[in-house]
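# Examining the three-dimensional arrangement
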Amino acid sequence: MVKTTPAFFILLLTITTYVSLLLNSVIAANPKKGFTLRMIHKDSKESLFSDPAEDIHLTTEDRIQKLMEQSKSRALYFRSQILLHRQNATSSMINPDVVQVPVSYDPAMWYVGMVGIGTFTDRYFRDYYLVVDSASDMTWVQCKGATHIFYQEVPLYPWEDSKTYRPLPCGDHSILCPGDKCNKEGQCTYEAKYSDGGSSSGVIAQETFTIFSSAGGVESVQILMGCGFNQANFLDFGINHFKKKPDLIAGVLGLGRGQISFLKQLGGHEQNKFSYCFELYGIFLSNTYLRFGEDAIIEGQVHTTPIVENLVHKSFYYLNLEDISVGNKKVGFVKADFEIKENGTGGCMIDSGTQYTIMYKDHFVRLAKVVVEYFEQIGMPRDESTNLLCFVRPKERSFTLPHITFHFTGANYVVSEVTSLFLWMRGNMCLLMGSYDAVDSPALILGAQQQTNKRILYDNFNMKLSFVDEICKLE
């Protein structure tokens, strides 16, 4: 996103055997584990962010337009990260490593989860709310003693009091701590720089994270995290108290594909996976559970397609999209329309932080043509008075809405839920997809609205994404 404060982050990695061995040594003592993290959506009733007074006067059309603009902003964020990493990759002055993490957040798309951090004498751990993001790798929390912070009501993390806090020494970890990535105490440091001027820096440390398991108890894992001692220009964090809501956000939980992500550090081939199932509540997504490790299970008539690696940045999840169908008619895309280019642009991304599926304008024009043809055949002309793709509802006559199929390599992803595709608005039926002009970004982003009522499992070790239809309910 061009305009935001730290939003969902992109990480340029140098994947080496050394780094892999280092991270495996951190979690080697942990057996196979399953974790279940309850995620709170920004627009749910339990949200730490939403302000009903802000949206009470918005019409349905205003809300949809707002969410569409947020989806476009998310696409522009990916664009900025592609450009940033392309510049980094071609600069002889920059050493791309796992601790330099450019970030950019859009508060409109947050899921938040609570985790326990550390080990203390007075209680087992301290609870903190972290922003959850599958498109980022670094996990960090604001720490006690920080010189600059964004406001949070809960105390900054008291790292000095934790029995399990271990700063990462520079001398033993030259890959994680090249040259200037060390402080005077000989500890590894990180610096996160953001496209809008926001920044976070601090020490990399090993620490215990505790999360509830599916069995009803808790499970703990040792991970490398960032202990933030200097945060600046996080314009959308720490402002809830102005809306008479709590400021509980303390950091970020990164679930990207990089070596230092929380997911990667769970250890074991079977552990490097996670799943979710989005329930639709009105025009917004509800809360959900994020399951990973042994808790990430998918059953039934499962479809599987490869996860594709973008060599420019490896934290995002890409899929091979070959064509799209409206009803039984294919648009006629060719595979090259959605291939990742050598410069990191293009490709089809799946992202839970983008509300609506969004694509290149030229691609959307081609899709819209087939959608319009379908509705014209059933006597529903297009309503030209709105910027959305809407069709006039026939009076006193039943009709059948089309399903839309994304033809991935080896799997057809069929979106047939009416509420996942369309919304009644002012007597019209409107498609919940959109377009944007930036061609130096992903060609298509499969958004969360079109992921509802499907169990989706990301298997990073086998580089596969699996999905199955499911009526998603928050247990």
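Residues numbered from 1 in each chain as written. Predicted model: local features only at pLDDT ≥ 70, side-chain atom pairs only at ≥ 80, totals over all residues. Heavy atoms only, no water.

## Concerning the pattern of salt bridges
For the coordinates displayed, the defined rule picks out five salt bridges. Residues Arg126 and Asp122 are paired through a salt bridge, measuring 3.1 Å at the closest nitrogen-oxygen approach. By relative accessible area, Asp122 is classed as exposed at 58%. Across the pair Asp337 and Arg366 runs a salt bridge whose closest N-O atoms are separated by 3.4 Å. Of the two residues, Asp337 sits in the loop between β17 (329-330) and β18 (348-350) while Arg366 sits in helix α4 (residues 361-377), which places them 29 residues apart along the sequence. (Salt bridge = Lys/Arg side-chain N within 4 Å of Asp/Glu carboxyl O. Buried < 20%, exposed > 50% of the residue type's maximum accessible area, 1.4 Å probe, protein only. Helix = DSSP H or I, 4+ residues; strand = E, 2+ residues; numbered from the N terminus.)

## Structural notes on the packing of aromatic side chains
Two numbers describe a pair of aromatic rings. These are the distance of the centres and the angle of the planes. Taken as a whole and assessed by the stated rule, the structure comprises 23 aromatic pairs. Measuring from ring centre to ring centre gives 5.0 Å for Phe333 and Phe338, while their planes differ by 70 degrees; the resulting arrangement is edge-to-face. Each member of the pair Phe333 and Phe338 is classed as buried. Between Tyr360 and Tyr436 the ring centres are 6.2 Å apart and the planes differ by 70 degrees, which places this aromatic pair in the edge-to-face class. Pair noted here: Tyr360 is in strand β19 (residues 357-360) and Tyr436 is in strand β26 (residues 433-436), with a separation of 76 residues, a long-range link. We note that Tyr360, like Tyr436, is buried. Joined through ring pairs, the aromatic side chains of Phe274, Tyr276, Phe278, Tyr317 and Tyr458 make up one cluster. The ring of Trp424 has Arg393 sitting right over it, with the charged end atom 4.2 Å from the ring centre. (Phe/Tyr/Trp six-rings, centres within 6.5 Å; stacked < 30°, edge-to-face > 60°. Lys NZ or Arg CZ within 6 Å of the ring centre and 35° of its normal.)

## Focus on the pairing of strand β10 (residues 273-277)
When you tally the buried positions in β10, you get four out of five residues, the bulk of the element. Strand direction decides the pairing type here: β10 and strand β28 (residues 454-459), joined by five bridges, are antiparallel. When the sheet's bridge partners are listed, Tyr276 is paired in β28 with Ile456. Pairing of β10 with strand β13 (residues 288-293), which is carried by two bridges, proceeds in the antiparallel orientation. Bridging from a neighbouring strand, Ser275 pairs with Arg291 of β13. (Pairing = 2+ DSSP bridges.)

## With respect to the confidence of the model for the chain
For any part of a model where pLDDT is low, the fine detail of the predicted coordinates should not be relied upon. Averaged over all residues, the pLDDT of the chain equals 77, while 70% of them reach at least 70. Across residues 1-31, where pLDDT falls below 50, the model places 123 contacts with residues more than four positions away in sequence or in other chains. This stretch, residues 89-109, has a pLDDT under 50; its non-local contacts, to residues over four places away or in other chains, come to 89 contacts. (pLDDT = per-residue confidence, 0-100. Contact = heavy atoms within 4.5 Å.)

## A look at the pairing of strand β24 (residues 422-425)
As defined by bridge partners, β24 adjoins strand β25 (residues 428-431) across four bridges and the pair is classed as antiparallel. Paired with Met425 across the bridge in β25 is Asn428. As consecutive antiparallel partners, β24 and β25 are separated by two residues, and within that stretch Arg426 has a phi angle of approximately 55 degrees, a positive value.

## Notes on the sheet that holds strand β16 (residues 321-326)
Hydrogen bonds between backbone atoms are what pair the strands of a sheet, whose relative direction is either parallel or antiparallel. The strand order across the open sheet formed by four strands is β17-β16-β22-β23, and the pairing between neighbours is antiparallel. Both outer strands of the open sheet, β17 and β23 (411-415), are each paired with one neighbouring strand and no more. Pairing geometry for strand β22 (residues 404-408) and β23, over five bridges, is antiparallel. By the bridge assignment for β23, Phe408 is matched with Ala411. Each of β16 and β17 is contacted by α4, which is oriented at about 20 degrees to β16, the strand it contacts most. (Axes fitted to C-alpha atoms, helices over the stretch in contact; angles between N-to-C directions.)

## Describing the state of the cysteines
Taken as a whole and assessed by the stated rule, the structure comprises four disulfides. Note on cysteine connectivity: Cys170 is disulfide-linked to Cys182, with sulfurs 2.0 Å apart. Residues Cys170 and Cys182 are joined through a disulfide that is left-handed, its torsion about the S-S bond being -135 degrees. Here Cys170, found in the loop between β5 (166-167) and β6 (189-193), pairs with Cys182, found in the loop between β5 and β6; they are 12 residues apart in sequence, far enough to count as distant. Using a relative accessible area of 29% as the deciding quantity, one classes Cys182 as partly exposed. (Disulfide = S-S within 2.5 Å.)

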